[in-house]
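Here is what each chain is made of, one letter per residue.
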Amino acid sequence: MEKVFSLVACAALISFPILLLTYPSAANACFSFLLLWCVFALSVQPRASLYDWGAMLREHWVVAAAMAAVPAAFLLRQVVSGDGMGLPYLYLRFALFGLLAWGLALLDRRALQAVQWGLVVGAIVSAVWMYTATAGGRPDHVGVNNVIPFSNLSLLMGMLALISIGWDRRGQWLSMAPKLLAGAAGVYTSYASATRGGWLAIPVLLLIAITIMRKWTIRARAALLAVLVGGMAVAGYCSDVVRKRVNEAVANLNAAVSSPGIDAAVVTHRGLDTSEGWRLQLWKASLHMLETHPMTGVGPDAFEANLKAMAASGFITPATTQFAHSHNDVLYIAATQGIPGVLAVLALYLVPAGFFLRHLRSRDMVTRTAATMGLAISIGFLLFGLTEAMFFIAMTNAFYTLMIATCFAIVVAQRKVPELPARPGARAVAA
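Residues numbered from 1 in each chain as written. Predicted model: local features only at pLDDT ≥ 70, side-chain atom pairs only at ≥ 80, totals over all residues. Heavy atoms only, no water.

(A) Geometry of the overall build of the protein. Tallying secondary structure elements over the protein gives 21 helices and two strands in all. Taken over C-alpha atoms, the radius of gyration comes to 24 Å for the protein, in line with the 22 Å a tight globule of 431 residues would show. Taking the principal axes of the C-alpha coordinates as reference, the protein spans close to 95 × 55 × 40 Å. Here the protein has roughly 20600 Å² of accessible surface; of this, 66% comes from carbon and sulfur atoms. Separation between the mean location of the 31 positive side-chain charges and that of the 19 negative ones in the protein comes to 14 Å. (Helix = DSSP H or I, 4+ residues; strand = E, 2+ residues; numbered from the N terminus. Rg over C-alpha atoms; globule rule 2.2 N^0.38 Å. Areas by Shrake-Rupley, 256 points an atom, 1.4 Å probe, with all protein chains shown as cover. Lys, Arg positive; Asp, Glu negative; His and termini not counted. Charge placed at Lys NZ, Arg CZ, Asp CG, Glu CD.)

Next comes the structure, spelled out in structure tokens:
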């Protein structure tokens, strides 16, 4: 029975990134089964399992606490504000990191590495879907997914697939080729979606990806990065889509910044009621909510009501009230949960990133590759979260939690250490 559960758990881990963007409900079932697997593993030998789980939490309590910080901050806000108790499903996934990481660490490391093929297929499938979805122009949604998080996750899957080449032996082109294709597919999806926030993350993710090439000199890696980024910049300059989106952003930002306010003539509203203008207004409104409620925020349920009140007072334009979040993870948490929430979401990014950063110099290639992937996930979400509320979506939170837990489990998984040969005369001394 245990072997059967382990095999199904591996299948669920591989299937999760494939189904995440195509069939979110099926991906949710995979996530739920992995949790069930962890509970099953805990119940087989409860005393020994609880001891091992506790040992892992004691050794890596900082990472576990950082992953649980956002739901903890939410509960703290409810206690302080008296709004009632209860953890929303949106943030529940983060609190389950400790259990997931321990359960996944029980699986064979090679089984955990199989997640790379789910990432490969997920990036390629999403690129094909984006190609068909953009036939009639840039869509707002791809399936049930908003185009921005869809393209961001596809880009990240492609980069993770690219980094996983570190798990291949030199010359294994049959496994490297689909990963290179997946990396290109992720970049294509980001390009085709015309999501400018995702474009900003590409050079940083590429920089993280090439750190896996340990045998290359720093100068050689810098040259490779320059060639890749320069090539994409030239291709972007030659692309009507990129030029149009960049020119729009510059024009809209200039119009929004130079606008004297929403009480001015209609022409100035055009600068404010644009993609960039709305973001600037949402960020301004979020900071105002933090300023008026520094320790608790206004709460998620009152965010839209506060936007409408600000629109009625002339603080923001009426069109800005159409949004349910701040288009920025840190500012949305700041507006709805206050300073404790800001510290929590920063910990959610930076503590796992610091953990993986410490293992980038590991001599074990499996560990180093997993650490590089984990770092790309943390930094990728940090960059995506500058222009989009990635953590506002439950399935996006599930992806972050499960992928961080998988990379963490590979890094900390116990490996058999060969016994050292006895020193000459050791037996005589012992006698």
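(B) Seen up close, helix α7 (residues 97-105). Of all nine residues in α7, eight are buried, a share of seventy percent or more. Those residues of α7 not exposed but buried are F97, G98, L99, L100, A101, W102, G103 and L104. Residues of α7 that are buried make contact with α2 (24-44), α3 (46-59), α4 (61-67), α6 (89-95), α8 (109-113) and α20 (394-412). (Buried < 20%, exposed > 50% of the residue type's maximum accessible area, 1.4 Å probe, protein only. Contact = heavy atoms within 4.5 Å.)

(C) A look at the state of the cysteines. On inspection of all chains with the given rule, the structure shows zero disulfides. Just so you know, C30 is unpaired, no disulfide at all, and the nearest cysteine sulfur is the one on C10, 12 Å from it. For the unlinked cysteine C407, the closest cysteine sulfur is that of C10, found at 15 Å. Residue C407 is classed as buried on the basis of its relative accessible area of 5%. (Disulfide = S-S within 2.5 Å.)

(D) Representation of the pattern of salt bridges in the model. Under the counting rule described, the total for this entry stands at five salt bridges. For E276, the salt bridge is made with R196, and the minimal N-O distance between the two is 2.6 Å. Taken as a pair, E276 in helix α16 (residues 275-292) and R196 in helix α12 (residues 196-210) lie far apart in primary sequence, 80 residues in all. In this structure, E276 and R196 share a single accessibility class: buried. (Salt bridge = Lys/Arg side-chain N within 4 Å of Asp/Glu carboxyl O.)

(E) Representation of the packing of helix α11 (residues 173-193) against α12 within the structure. One way to put it is that α11 packs onto α12 with a least axis distance of 8 Å and a crossing angle of 150°. Relative to α12, the element α11 lies roughly antiparallel. Of the two possible hands of crossing, α11 and α12 adopt the one that is left-handed. Taking contact as the criterion, the partners of V187, S190 and Y191 in α11 are, on α12, G198, W199 and I202. Of the residues that constitute the contact of α11 with α12, the class distribution is four nonpolar, two polar and no charged. (Axes fitted to C-alpha atoms, helices over the stretch in contact; angles between N-to-C directions. Parallel < 35°, antiparallel > 145°, perpendicular 65-115°, else oblique. Left-handed = near helix turned anticlockwise from the far one by under 90°. Nonpolar A, V, L, I, M, F, W, Y, C, P; charged D, E, K, R; others polar.)

(F) The nonpolar core, seen in detail. Among the nonpolar cores identified, the biggest contains 116 residues, and F16, F381 and F399 are the most heavily contacted of them. Looking at this core, the element that brings in the most residues is α20, giving 15 residues. When near neighbours in sequence (up to four residues on either side) are disregarded, F381 contacts L153, L156, Y349, M390, F391, T396, F399 and Y400. (Core = buried A, V, L, I, M, F, W, Y, C linked by side-chain atoms within 4.5 Å.)

(G) Looking closely at the environment of F31. Positionally, F31 belongs in helix α2. Of the residues examined, F31 reaches a relative accessible area of 2% and is grouped as buried. Ignoring sequence-local partners within four residues, the contact set of F31 consists of F16, R93, L96, L100, A398 and L402.

(H) Highlighting the environment of R363. Tracing the chain through its elements places R363 in the loop between α18 (329-358) and α19 (365-384). Sequence spacing of R363 and R214 is 149 residues, and the spatial spacing of their C-alpha atoms is 9.8 Å.

(I) Layout of the side chain of T321. Within the secondary structure, T321 sits in the loop between α17 (303-312) and α18. Among the polar contacts listed, one links the side chain of T321 to the backbone oxygen of P318, at a separation of 2.6 Å. (Polar contact = N/O pair within 3.5 Å; in protein donor to acceptor, adjacent residues only side chain to side chain.)

(J) The arrangement of the packing of aromatic side chains in detail. Applying the stated criterion to the full structure yields 16 aromatic pairs. When the ring of F97 is compared with that of F408, the centres are 5.4 Å apart and the planes differ by 65°; the resulting orientation is edge-to-face. A residue pair is termed long-range when its members are at least 10 positions apart, and F97 in helix α7 and F408 in helix α20 qualify at 311 residues. Exposure remark for F97: the relative accessible area of 2% places this residue in the buried category. Residue classification places F408 among the buried residues on the basis of a relative accessible area of 1%. Considering the side-chain rings of F381 and F399, the 6.4 Å spacing of their centres and the 20° angle between planes classify their relative orientation as stacked. (Phe/Tyr/Trp six-rings, centres within 6.5 Å; stacked < 30°, edge-to-face > 60°.)

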